[in-house]
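# Secondary and tertiary structure notes
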Amino acid sequence: MMWLEVEVETRGDDVRIAARGSRGERPAPHDVAPEQGLNALTTLANRVGRAVRARKELDPAVIELSQAIHAEIVKGELRDIIARMTDPLRPRSDDPRDNRLLVRLFIHDRALLSVPWEALCRPGTTEGFWGTDPRLLVARGVSSSDPWAPREVNGAVRVLAIAPGSDEQALLALREALAPSIEAGEVEWLDPIAGPDLGPKNLYDKLRAGKTPHVVHWLGHGGVDMRGRPSLRVADDEDGEEVWITAEALARELSPHFYEDLRLMILEACEGAKAGMFGSAAEELVRAGADAVVAHLWPVKADVARTCSTEIYRSLTATGAAGDIGASVAAARRTLLAQSAEAFSPILFLRSSDSVLFDFARRKVVKPSGKRRARALAPALQNLLDKPPYTLVLGDVDEDRAALKEELTKFMEENEDKPDPAMSLSAITQRCVLRFGEEVLHSLFQQAVGGACRRARRHSSTPWPGWSRRGCTSPCSGDPTSSAPLRRSSATGPSTRSRSHSRAAIRSHGSSSAGPGPPAGRWSP
């Protein structure tokens, strides 16, 4: 890939530009005219920020200022080099990387890190922004002594979502947004690390125990603490007090994964690209070993963040894609630019002079087996079913799915959490388990599909082939620990009876602590 490193330095109120290219280019350094220097750059940052927060397009005056600054940043020999490298008439290469120019900005003044350099617009155009150009890819450079190499991926790109706190909507929305890629076999959705009890210890334990992802997607809140350290919020403590971890601590915990398969982090957190005294959260993660981090310079609405992430994944992981994060972020910005200046909020930080993170040369995408089930089950329920032993209930699939959805909806409505009727069973199931817990979901599942087990037993006097005698936890089994229906709870959560009932039901999976054993003649896998 052709690349150009642009150094931005300040000397008092003066701004100086220096650069070097991948083919040995060394244009003469130059100073930016004072009228387009620090004050103009600060004004541009403020005006673009206001447009982002108001969800509006850039007005003509802001575009004019952006054009004037662009003309001063890219002038003389530097302008000639960029024009030559991005000339649309130059011979095209079979490798798409050779047809793009990656510009990495190394900004040494913290005050200039908040400038939306991606919003610089070529004079003579109204939408020729650096950040949306398909031939010129812009990223923030981060110095690192660690080696770099694209990760070979022969199948699906593994994505791990981390969502601390009790609000599961963002997690559900991301899972739904990635559903087409998951069903196509392009993305593997790992069991998310999420929930209202996700404190630092739980987070670190789960990161150490799980499969190494290619991408970590953080869904939550970010900021800079009183000591100037970029931080990320995890679940509140028992007293309801906010708990934050530093980006440096998270980076340290992830560092072993960076030496394996982890290449990209997406911080869907407020101001993940905002610099504190020690840099931004994104910079901390790149310095720790991440090849690339995508973070937001300003807070954006959930729908914008989701659109941005969806477009990035689609461009990055689709069959035939080049695994180029620079091109993927540029494509996402072009999509967002059709709506507002929020297109300039996502910022790409790169550790390497190549924006290709994944080598798909020998990739073979295979659709996951059991496509119907993969589409229907939420990650939380799938996680339950992946913990053997479990009970298999046979019955009419469509009828039992409808019964389960009705039971879940009714329970949640009576606990002041009315789901949208249009929500899929997958979304409702995960919403229920994240809010009320696995035990309640287990008991509701038993009640809803217990009729299927009763019908199956009435029509079969002998065990089904391949089954062994063990305890069935469904209500039809006659087990005294699971014969009573789940009692509806108050708005504060499930009742003590419902919790104890569901715990007994779970223990009855071959556990001697469940009380009286099941009578003979009950069948489970």
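Note that this is a predicted model, so its numbers are computed, not measured.

## A look at the overall build of the chain
- Scanning the chain for helices and strands turns up 16 helices and 19 strands.
- When burial is assessed residue by residue, the chain has 53% of its 525 residues classed as buried.
- In the chain, the proportion of contacts linking residues at least 24 apart, taken out of those at least 6 apart, comes to 74%.
- With an accessible surface of roughly 23,700 Å², the chain has 49% of that area assigned to carbon and sulfur atoms.

## Examining helix α3 (residues 76–85)
- Of all the residues in α3, the buried ones are L78, I81, I82 and M85. Angular distribution of buried residues about the axis of α3 spans 95°; they occupy a single face of the element.
- Looking at the buried side of α3, the elements it contacts are β1 (2–11), β2 (14–21), β3 (30–31), α2 (60–73), β4 (101–107) and β5 (136–141).

## As for empty space enclosed by the protein
- Evaluated as defined, the whole model comprises five cavities of 30 Å³ or more.
- When its volume is computed, the second largest cavity comes out at roughly 50 Å³.
- Lining the second largest cavity are A163, G165, S166, D167, E168, L171, A194, G195, P196 and L434.
- Grouping the amino acids of the lining of the second largest cavity by side-chain chemistry returns five nonpolar, three polar and two charged.

## Comments concerning the environment of R135
- Structurally, R135 can be placed in the loop between β4 and β5.
- On a C-alpha basis, the gap between R135 and R97 in space is 9.7 Å, while along the polypeptide they are 38 residues apart.
- Not counting residues up to four positions away in its chain, the partners in contact with R135 are T86, P88, N99, R100 and L101.

## A look at the packing of aromatic side chains
- All told, the structure shown has two aromatic pairs when counted by the stated rule.
- Both rings, one in F358 and one in F360, keep their centres 6.1 Å apart while their planes meet at 25°; by these two values the pair is stacked.
- Looking at F360, the relative accessible area reads 13%, which means it is buried.
- A cation over an aromatic ring shows up here: R363 above the ring of F360, its NZ or CZ 4.2 Å from the ring centre.

## Overview of unusual backbone geometry
- Phi angles above zero are rare outside glycine, and R55 is one such case at about 60°.
- R55 gets classed as partly exposed once you look at its relative accessible area, which sits at 33%.

## Observations concerning the packing of helix α7 (residues 247–258) against helix α8 (residues 281–288)
- Where α7 meets α8, the closest approach of the two axes is 8 Å, and the angle between their N-to-C directions is 30°. Note on packing geometry: the crossing formed by α7 with α8 is right-handed. Contacts from A247, E248, A251, L254, S255 and F258 in α7 reach A281, E284, L285 and A288 in α8.
- Per-class residue counts for the contact of α7 with α8 are seven nonpolar, one polar and two charged.

## Quick word on a negative patch on the surface
- A grouping of D237, E238, D239 and E241 is seen on the molecular surface, where their side chains present a negatively charged patch.
- Inspection of the secondary structure assignment puts E241 in the loop between β12 (230–234) and β13 (243–246).

## Considering the packing of helix α4 (residues 169–177) against helix α9 (residues 302–317)
- In contact at an axis separation of 10 Å, α4 and α9 are set at 35° when each is read in the N-to-C sense. Seen from above, α4 lies across α9 with right-handed handedness. Where α4 abuts α9, its residues A170, A173, L174 and A177 lie against R306, T310 and Y313.
- Tallied by class, residues from the contact of α4 with α9 come to five nonpolar, one polar and one charged.

What counts, and at which threshold
- Residues numbered from 1 in each chain as written.
- Predicted model: local features only at pLDDT ≥ 70, side-chain atom pairs only at ≥ 80, totals over all residues.
- Heavy atoms only, no water.
- Helix = DSSP H or I, 4+ residues; strand = E, 2+ residues; numbered from the N terminus.
- Buried < 20%, exposed > 50% of the residue type's maximum accessible area, 1.4 Å probe, protein only.
- Contact = heavy atoms within 4.5 Å.
- Areas by Shrake-Rupley, 256 points an atom, 1.4 Å probe, with all protein chains shown as cover.
- Arc of directions from axis to C-beta.
- 1 Å grid on protein atoms, 1.4 Å probe; cavity = no way out; pocket = protein on both sides within 12 Å on 5 of 7 lines; lining within 4 Å.
- Points joined across faces, edges and corners; volume = space filled by probe spheres on them.
- Nonpolar A, V, L, I, M, F, W, Y, C, P; charged D, E, K, R; others polar.
- Phe/Tyr/Trp six-rings, centres within 6.5 Å; stacked < 30°, edge-to-face > 60°.
- Lys NZ or Arg CZ within 6 Å of the ring centre and 35° of its normal.
- Axes fitted to C-alpha atoms, helices over the stretch in contact; angles between N-to-C directions.
- Left-handed = near helix turned anticlockwise from the far one by under 90°.
- Patch = residues over 30% accessible without salt bridge, like charges linked within 9 Å, V, L, I, M, F, W, Y side chains within 5 Å.
- Salt bridge = Lys/Arg side-chain N within 4 Å of Asp/Glu carboxyl O.
- Lys, Arg positive; Asp, Glu negative; His and termini not counted.
- Charge placed at Lys NZ, Arg CZ, Asp CG, Glu CD.

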